[in-house]
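Structure assessment
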Amino acid sequence: MSSVTTNKMTNYRWVICAMLFLATTVNYMDRQVLSLTWKDFIAVDFHWNDNDYGTITAIFSLFYAFISLFAGRFIDWMGTKKGYIWAIVVWSLGACLHAGCGWVTMYVENIDSIEELRSIAAGSQAAIAVSTLSVWLFLACRIVLAVGESGNFPAAIKVTAEYFPKKDRALATSIFNAGASVGALAAPLTIPVLAEHMGWEMSFIIIGGIGFIWAGLWLFLYDKPSNSKFVNEAELSYIGQDEEEEKVEQAKPAENEPTLSFLQCFAYRQTWAFIVGKLMTDGVWWFYLFWAPAYFSELGYPSNTGMGQALIFVLYLIVTVLSIYGGYLPKLFVEKLGQNPYAGRMRAMLIFAFFPLFAMFAQPLAHISPWIPCIIIGLAGAGHQAWSANLYSTIGDMFPKSAIATITGIGTMFGGLCSFAINKGSGMLFTYADGLGDAFSFFGQTGKPAGYMIVFCYCAVAYLIGWVIMKTLVPKYKPIVLD
């Protein structure tokens, strides 16, 4: 039990929330290194096109989806302390390994210098060999990254359920989930600068190395609330306010808690509601994350220019500032209107589902100013992050703690499948549309802009469709009780 004996309630749960925020920030910065360097740095070396990059991001998403199916189960089995450390160490290692892809490519292809590599004629057999080999090498590194990163959200959601009562979980989730936005916000200010002055290889090494520091801090700072020396009786009582038996259950070993088998999880409508929410919308966020720098580069503002960096920074600044309030809205519905947490979350998610509709206007208005799509995508991204924070919290509302990470992993797998489809499809679509030029048109746009218009239209309507299906599957709050 806690060694802190003061009557005043400690607030150590927010320290843990800050650690989850930092882990998520690092997680998304590691993902962003490639998206901020491929178009203006790596593609120059390896002769990549949009389809090559789409293949890399799609396979990353596919492996992320597949491993997520087991990552939640791994976290439930290993526990949040050890499981989280394993996850971040693996993904940090994978991030650092990207730096060696150039050296291996040059060694295998007998290329002596970077100048010789870049001077290879586009479309030649040598260029095809270089691009093919480098794509495979980056794919291998992205797979390692995906294996580790798949554990972040199952672990974070499980920790949130351990440290926060139900009424505070959406707020805590929105705070740590904002790490995705902050990571994406910090990335354009740091990664292109590192790539420009130290080489794109060092940007992978430096950003990837941060995760090892976090793992050391987590080892020292984290324990379950009932075992933490930083949590007193008052805070432990606050954390366990939802059930009278909460203190007793927290003291039980995890293996004595009722559990769901993997197949049993699919027998519940609640599981399928979460799956639909992730399947319809996760790919939208990953499209913004992976393709926004390339999109602004297409508009004439590469990521290694001040304007290009400013556009990405402002985009994610909008996402960060607005999405942090995603946890307050359901809290307002619960405390002021007396709704149960699930009803409050679903009402909030319906409101957030309208934000992405702005994405339909990003491409048509881009010719006026690049700031218009920047702001529009920022609003759409904020809607996604607020939606996502509440979607994750629905798991804690309806599933026992012993199953939370497993359900999170299942949903994340389906979200990864959506990301695979949208990223691979986008790469193929953009390359195809660019090749056809004016012969390819959609809603008044031609060539590659028409391709972007198609993807933006899907991004706009995905959330409303997802919400309707979720509400149909689980119209009212119905927690799952295990014997």
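Residues numbered from 1 in each chain as written. Predicted model: local features only at pLDDT ≥ 70, side-chain atom pairs only at ≥ 80, totals over all residues. Heavy atoms only, no water.

**Some words on a nonpolar patch on the surface**
Inclusion rule: Like-charged residues within 9 Å of one another, or nonpolar side chains (Val, Leu, Ile, Met, Phe, Trp, Tyr) within 5 Å, are grouped into patches, provided each residue has over 30% relative accessible area and no salt bridge. Using the Shrake-Rupley algorithm and a 1.4 Å probe, accessible areas are obtained, with residue cover drawn only from the displayed protein chains. Salt bridges are defined by distance alone: a side-chain nitrogen of Lys or Arg within 4 Å of a carboxyl oxygen of Asp or Glu. The helix and strand labels rest on DSSP assignments: H or I over at least four residues marks a helix, E over at least two residues marks a strand, and numbering proceeds from the N terminus. Three exposure classes are used, based on accessible area relative to the maximum for each residue type with a 1.4 Å probe and protein chains only: buried under 20%, partly exposed in between, and exposed over 50%.
Nonpolar side chains collect at one region of the surface, where Leu317, Val321, Leu322, Tyr325 and Tyr328 lie side by side and expose about 470 Å² of accessible area between them. In terms of residue count, helix H14 (residues 306-323) provides more of the nonpolar patch than any other element does, 3 residues in total. In this structure, Leu317 sits in helix H14. For Leu317, a relative accessible area of 34% gives the class partly exposed.

**Examining empty space enclosed by the protein**
Where we set the bar: Buriedness for pockets is judged along seven lines, at least five of which must meet protein on both sides within 12 Å for an open set on the 1 Å grid over protein atoms alone, while cavities are sets there where a 1.4 Å probe fits but cannot get out, and lining residues have an atom within 4 Å of a point. Grid points are joined across faces, edges and corners, and a volume is the space filled by probe spheres set on the points. Under the scheme applied here, ten amino acids are nonpolar (Ala, Val, Leu, Ile, Met, Phe, Trp, Tyr, Cys and Pro), four are charged (Asp, Glu, Lys and Arg), and all others, including Gly, are polar.
A full pass over the atoms with the stated rule returns 5 cavities of 30 Å³ or more. Quantified by volume, the largest cavity comes out at close to 110 Å³. Around the largest cavity sit 13 residues that line it, and Tyr28, Lys278, Asp282, Trp286 and Tyr392 are the ones nearest its centre. Those elements that place two or more of their residues in the lining of the largest cavity are helix H13 (269-298) and helix H17 (371-398). Classifying every residue of the lining of the largest cavity gives 6 nonpolar, 5 polar and 2 charged. Reported here for the second largest cavity is a volume of approximately 50 Å³. Lining the second largest cavity, in full, are Ile157, Thr160, Ala161, Arg169, Thr173, Tyr392, Ser393, Gly396 and Ile404.

**Digging into the packing of aromatic side chains**
Put simply, the rule is: Stacked, edge-to-face and tilted are the three classes for Phe, Tyr and Trp ring pairs, Trp counted by its six-membered ring, which pair at centre distances within 6.5 Å; planes under 30 degrees apart are stacked, over 60 edge-to-face, the rest tilted.
All told, the structure shown has 45 aromatic pairs when counted by the stated rule. When the centroid spacing of 4.8 Å and the interplanar angle of 65 degrees are considered together, the rings of Tyr64 and Trp286 count as edge-to-face. In this pair, Tyr64 is assigned in helix H2 (residues 50-78) and Trp286 in helix H13, connecting sequence segments 222 residues apart. Per residue, the accessibility class of Tyr64 equals that of Trp286, and both read buried. An angle of 15 degrees between the planes, with centres 5.0 Å apart, marks the rings of Trp214 and Trp218 as stacked. Taken together, the residues span about one helical turn, with Trp214 and Trp218 both in helix H9 (residues 200-221) at a distance of 4 residues.

**Section: the environment of Gln32**
Spelled out, the test is: Contacts are assigned to residue pairs that have any heavy atoms within 4.5 Å of one another.
On the secondary structure map, Gln32 appears in helix H1 (residues 12-46). For Gln32, the contacting residues outside a window of four places in its chain are Ala184, Ala187, Ile191, Leu289, Phe290 and Tyr316.

**A short note on the confidence of the model for the protein**
For the record, the criterion: Note: pLDDT gives the predictor's confidence per residue, expressed from 0 to 100.
In the predicted model, the protein carries a mean pLDDT of 85, and the fraction of residues at 70 or more is 94%. Contacts of residues 1-6 to residues separated by more than four positions or lying in other chains number 16 contacts, the stretch itself having pLDDT below 50. Here residues 244-255 is a poorly scored stretch, pLDDT under 50, and it has 13 contacts once near neighbours within four places are set aside; other chains count.

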